[in-house]
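# Chain and residue survey
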Amino acid sequence: MKISYVALFILLAVNLLTDGYIYFRLKQATQKHKWLKKAHVVFSAILCLSLIAIAAAPIRTMSTSGIQWVMWILFTCISVYLPKYFYAISAIIANIPRLFKRKRWNFVSTAGAVIGFLLFAIMWWSALVTPRQLNVENVDIWSEKLPKNFDGFTIALFSDLHTGTFGNNMGIVENLVEEINRLKPDMVIFAGDIVNRTTAELYPFIPALKQIKAPYGVVSVLGNHDYGDYMKWDSDEAHTANIEELITIENDSLGWRLLRDQSFDIYAGPEKQKIAIIGVENWGEPPFKTYGNLRLAYDNLNDSVFKILVSHNPRHWDLEVKNISNIDLTLSGHTHAMQSMLKIGGKKYSLAAKKYPNWAGLTSENGKYLYVNIGIGEVGVPMRLGATPEITLITLHSN
């Protein structure tokens, strides 16, 4: 038996126990309203059958619209059952005094119900409202290596668009493009994952994305989702054609400069002072494949030129970049902050920290900087709990 089916069996068992207990509570509380108990049974059965259908679905061959349905069904199940768990646990705790022949703690079960409703509302707000908000993070980078003619140079960074999540809904992407252009950056950088699984997801958004403008253009790299590795293809040729089409669209249809283990220099001022822009293909860690080659992308990784590297996965900086080069600034995405983030005071918290030492924002070590953008789109479930879609406006300063 596959571990996924074991997990599904455990989940269904927990759900059935929870639903059974809630049915028992409804039976006690609503003697006259039999329809409420019936509605509970029917709705719970639909959700459990939906989970079984998702587990049996051929995800790797499913269409984009099919994947959207899976994401929303999965999210609906989670948004319903998490509040149920809260209520059921609190209701069980409320019965503890009865073991000692004392009055039930009704306030505990009431609190559990209130928390459950709040959690349900927050989750749906995170699915319907938060993904349509845009947060602009302003970041300043100071370096003695930066040529003075680049003092004040601005870069708008965005990442993880995952257009397949949006289907044909243009609103989020159009707002993104409008906001980037409003910022009037000198350069725009996209840090990878423009699609979820196939290049076809990108078609509806080409007219909007090609409107991004900057004096030094738009630079992009590929992310782990862009290679089509999450799709089951009829042949290797079809797989190769998919990625080649994506490359053509980014370079030609969008007019971006897609860097695949490549670099180029940009110049400023009458003295033609320069900095280097480096882009690598996706550098992965299991189960993600590694395509990138930093040494191939740039000849001398420790020269005196101010260098900006775009690498989709921030673990690349942790495990290679900072150890073998003097690259001044690395720009990444990939983590999404696991689409859930809590801000308390000036600090941010996310489960992403369990996997990624640097999962969001700016970090530095020995004068080398890494910035991780938490992205725009979603995968898995269509929600962003506190992790508002981000555009980063980076301003470079020469000491």
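Structural data are supplied above this passage.
Note that the structure is a prediction, hence the values are computed from the model and not measured.

On to the pattern of salt bridges, then. In total, this model carries nine salt bridges according to the counting rule given. Glutamate 137 is the salt-bridge partner of lysine 348, the closest N and O atoms lying 3.5 Å from each other. Of the two residues, lysine 348 is situated in strand β11 (residues 347-349) and glutamate 137 in strand β1 (residues 135-143); the sequence distance between them amounts to 211 residues. Given a relative accessible area of 33%, lysine 348 falls into the partly exposed group. In this structure, the salt-bridge partner of lysine 322 is glutamate 365, at a minimum N-O distance of 3.1 Å. Taken together, the residues lysine 322 in helix α9 (residues 315-324) and glutamate 365 in strand β12 (residues 361-365) connect sequence positions 43 residues apart.

Let us now look at the sheet that holds strand β7 (residues 273-279). If you walk across this open sheet you meet the six strands as β6-β7-β8-β9-β13-β12, and the pairing is mixed. Each edge of the open sheet is held by one strand with a lone partner, namely β6 (262-268) and β12. Each neighbouring strand pair of the sheet contributes to a mean axis angle of 20°, computed without reference to strand direction. In this sheet, strand β9 (residues 329-332) lies alongside strand β8 (residues 307-310) in parallel orientation, the contact comprising three bridges. The residue of β9 that forms the bridge with leucine 309 is threonine 330. Packed onto the sheet, α9 meets β8, β9, β12 and β13 (368-372) and runs at close to 155° relative to β13.

Across all of its chains, the model carries 13 aromatic pairs by this definition. Look at phenylalanine 158 and tryptophan 256: their rings are 6.3 Å apart centre to centre, the planes differ by 90°, and that puts the pair in the edge-to-face class. Taken together, the residues phenylalanine 158 in strand β2 (residues 154-158) and tryptophan 256 in the loop between α7 (236-253) and β5 (257-258) connect sequence positions 98 residues apart. When sorted by exposure, phenylalanine 158 lands in the same class as tryptophan 256, which is buried.

The angle between the axes and the distance between the axes are what describe a pair of packed helices. The interhelical angle for the contact between helix α2 (residues 34-56) and helix α3 (residues 64-94), taken along N-to-C directions, is 130°, at an axis separation of 10 Å. On the basis of the axis angle, α2 is oblique to α3. Along this stretch, α2 crosses α3, giving a crossing that reads as left-handed. Residue-level inspection shows His40, Phe43, Ser44, Leu47, Cys48, Ser50, Leu51 and Ile54 of α2 in contact with α3, the latter providing Val70, Ile73, Leu74, Thr76, Cys77, Val80, Tyr81 and Lys84. Grouping the amino acids of the contact of α2 with α3 by side-chain chemistry returns 11 nonpolar, four polar and one charged.

The subject of this paragraph is the side chain of arginine 25. Here arginine 25 shows up in helix α1 (residues 3-29). No salt bridge is formed by the buried arginine 25; the nearest opposite charge belongs to aspartate 19, separated by 13 Å. Beyond its immediate stretch of four places on either side in the chain, arginine 25 contacts Tyr87 and Arg104.

Neither face of β8 is exposed, since Lys307 and Leu309 on one face and Ile308 and Val310 on the opposite face are all buried. For the handedness criterion, the β-α-β arrangement of β8, α9 and β9 is classed as right-handed.

With that settled, the discussion passes to the nonpolar core. One finds Phe158, Leu161, Ile194, Leu209, Ile212 and Trp256 to be the most contacted residues of the largest nonpolar core, which totals 35 residues. Of all the secondary structure elements, the ones that give two or more residues to this core are β2, α5 (171-183), β3 (187-190), α6 (206-209), α7 and β14 (390-398). With six residues, α5 is the single largest residue contributor to this core. If near-sequence neighbours (up to four positions away) are discounted, leucine 161 is found in contact with Phe166, Val173, Leu176, Phe190, Gly192, Asp193, Ile194, Leu209, Ile376 and Gly377.

This next bit is on the sheet that holds β14. Strand order across the open sheet formed by six strands is β1-β14-β2-β3-β4-β5, with mixed pairing between neighbours. Of all strands in the sheet, those bounded by a partner on one side alone are β1 and β5. Sheet strands in contact with α5 are β1, β2, β3 and β14, and its direction is about 20° off that of β14.

Taking 1.5 Å per residue as the helical rise, α7 with its 18 residues ought to reach 26 Å, and the 25 Å between its terminal C-alpha atoms agrees with that figure. Within α7, burial applies to Asn242, Ile243, Leu246, Ile247, Ile249 and Glu250. Projected down its long axis, α7 carries its buried residues within an arc of 160°, all on one side. α7 presents Glu237 and Asp252 as exposed residues on the side facing more than 90 degrees away from its buried surface.

Conventions used here
- Residues numbered from 1 in each chain as written.
- Predicted model: local features only at pLDDT ≥ 70, side-chain atom pairs only at ≥ 80, totals over all residues.
- Heavy atoms only, no water.
- Salt bridge = Lys/Arg side-chain N within 4 Å of Asp/Glu carboxyl O.
- Helix = DSSP H or I, 4+ residues; strand = E, 2+ residues; numbered from the N terminus.
- Buried < 20%, exposed > 50% of the residue type's maximum accessible area, 1.4 Å probe, protein only.
- Pairing = 2+ DSSP bridges.
- Axes fitted to C-alpha atoms, helices over the stretch in contact; angles between N-to-C directions.
- Contact = heavy atoms within 4.5 Å.
- Phe/Tyr/Trp six-rings, centres within 6.5 Å; stacked < 30°, edge-to-face > 60°.
- Parallel < 35°, antiparallel > 145°, perpendicular 65-115°, else oblique.
- Left-handed = near helix turned anticlockwise from the far one by under 90°.
- Nonpolar A, V, L, I, M, F, W, Y, C, P; charged D, E, K, R; others polar.
- Lys, Arg positive; Asp, Glu negative; His and termini not counted.
- Right-handed = clockwise from strand over helix to strand, strands pointing away.
- Core = buried A, V, L, I, M, F, W, Y, C linked by side-chain atoms within 4.5 Å.
- Expected span 1.5 Å × (residues − 1).
- Arc of directions from axis to C-beta.

Take it as geometry only, folks, not as evidence of what the structure does.
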